[in-house]
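# Geometric and topological summary
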Amino acid sequence: MKVFVTGSSSHLAAALLPRLCARPDIEQVTGVDIAPPRFQHARFRPTVADIRDPRLESLLAGHDALVHLAGVVLGGGMPEQEMFDINVNGGHKVFHAARRAGVRRLVHMSSAAVYGSGVHLSEAAPLKPLPQLVFARHQAHLEKLLEIEFPECVRFRPHFVLGPHARPALRRLFNLPCYVSMPEPHPLLQCVHEDDAARAVVLALDREVRGPFNLAVEDNFNLREIARRHHRFAVPLPPFAARGGLSLARRWFGWDGEPAWIEGLTRTLLVNCRRAAVELGWRSAHDAASVLAQT
């Protein structure tokens, strides 16, 4: 089997690529990313390119599977239209190029943020991303296109992907000596370990499955608990102060968090992963505490 991975220099790819290259039935893994490769292996062939590059179809030729990880999560001042062109138009073109190249297995890594908020949400829940979360809106848009045009595609919806290779913004977020002050009960969240998310991708390559799958630990947490666990005197901040603090941190210290993320942290979002358990044989091998500890 030959596997093509977009976003091959991403944080999740750091967990996925070693797993793919360790399998004896995978003879080659081709990676595409605008960033130089971080991973090296005899079976891994990286290419530095944009997913909108017209060469993509020729690069995809001869591959059996596509795993689409590429996308702009944090714009960093990038105009939203440019983000949309990469996340939605670019992603859409990738799947069309894969189809023309004869790629049989299609896997897309979306996000649980497409739901917005809710409790015990199954994959049948409507996609209602929070308006402030640009990446979530783009993923919901792309998912709807894939559902119509590529029903055979597996679409993963992981909660916060954490672990040793987690995004720096998430590392900072879960290690701050403060939390967003809100009325009781505090919003509940989930996460998923990067290794568990990578394992789900590999399972999808082996099984005749299609459609959306939620990925998350079975338990949950809130940010106040996390802050108090790591800092004896954790400080509660009202939402406006948290947004302002994050904006200042971006401007003065180059932090890559988005102030709009604060809105996502003020809503409970809990997903049900029963479909992944039944159809993929997937369950989280970690609980929330162990995932956060490794982050």
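Right above here is the structure, for reference.
Just so it is clear, the structure is predicted and the values come from calculations on it, not from any experiment.

### Thoughts on the nonpolar core
Counting residues in hydrophobic clusters, the biggest one holds 46 residues, and the most contacted among them are Leu 20, Val 67, Phe 156 and Trp 282. Residue contributions to this core peak at 8 residues, all from helix H6 (residues 194–206). Apart from the residues within four sequence positions on either side, Phe 156 is in contact with Val 107, His 108, Met 109, Ser 110, Ser 111, Ala 200, Val 201, Ala 204, Phe 213, Leu 215 and Leu 280. Residues Ala 136, Val 180, Cys 191 and Phe 221 belong to the second largest nonpolar core, which totals 31 residues.

### Focus on the packing of helix H1 (residues 13–21) against H6
Viewed as axis vectors pointing N to C, H1 and H6 meet at an angle of 45°, and their least axial separation amounts to 8 Å. Taken together, the axis directions place H1 and H6 in an arrangement best described as oblique. The handedness of the crossing between H1 and H6 comes out as right-handed. Across the interface between the two elements, Ala 15, Leu 16, Arg 19 and Leu 20 of H1 pack against Glu 194, Asp 195, Ala 198, Arg 199, Val 201, Val 202 and Leu 205 of H6. In terms of residue class, the contact of H1 with H6 is built from 7 nonpolar, no polar and 4 charged.

### A short note on helix H7 (residues 223–230)
Residue pairs three or four apart in sequence face the same way in an α-helix, which turns once every 3.6 residues. Listing the buried residues of H7 in full gives Leu 223, Arg 224, Ile 226 and Ala 227. Seen along its axis, H7 keeps its buried residues to an arc of 165°; they face one direction. Where H7 is buried, its residues contact strand S9 (178–180), helix H9 (261–265) and helix H11 (288–294). At the N-terminal boundary of H7, the capping side chain belongs to Asn 222, with an oxygen 3.0 Å from the backbone nitrogen of Arg 224.

### Topic: the pattern of salt bridges
The tally for this structure, following the rule as stated, stands at 15 salt bridges. The partner of Asp 206 in a salt bridge is Arg 23, and the shortest N-O contact between them spans 2.9 Å. On the criterion of sequence distance, the pair formed by Asp 206 in helix H6 and Arg 23 in the loop between H1 and strand S2 (28–33) is long-range, its members being 183 residues apart. Residue classification places Asp 206 among the partly exposed residues on the basis of a relative accessible area of 41%. In this structure Arg 23 comes out as buried when scored by relative accessible area, which is 18%. Arg 55 is the salt-bridge partner of Asp 53, the closest N and O atoms lying 3.1 Å from each other. What makes Asp 53 partly exposed here is its relative accessible area of 22%. Overlapping salt bridges, with partners in common, bring together Asp 50, Arg 52, Glu 82 and Asp 85 in one network.

Each value, and the rule that gives it
Residues numbered from 1 in each chain as written. Predicted model: local features only at pLDDT ≥ 70, side-chain atom pairs only at ≥ 80, totals over all residues. Heavy atoms only, no water. Core = buried A, V, L, I, M, F, W, Y, C linked by side-chain atoms within 4.5 Å. Buried < 20%, exposed > 50% of the residue type's maximum accessible area, 1.4 Å probe, protein only. Helix = DSSP H or I, 4+ residues; strand = E, 2+ residues; numbered from the N terminus. Contact = heavy atoms within 4.5 Å. Axes fitted to C-alpha atoms, helices over the stretch in contact; angles between N-to-C directions. Parallel < 35°, antiparallel > 145°, perpendicular 65-115°, else oblique. Left-handed = near helix turned anticlockwise from the far one by under 90°. Nonpolar A, V, L, I, M, F, W, Y, C, P; charged D, E, K, R; others polar. Arc of directions from axis to C-beta. Polar contact = N/O pair within 3.5 Å; in protein donor to acceptor, adjacent residues only side chain to side chain. Salt bridge = Lys/Arg side-chain N within 4 Å of Asp/Glu carboxyl O.

Just geometry here; none of it tells us what the structure is for.
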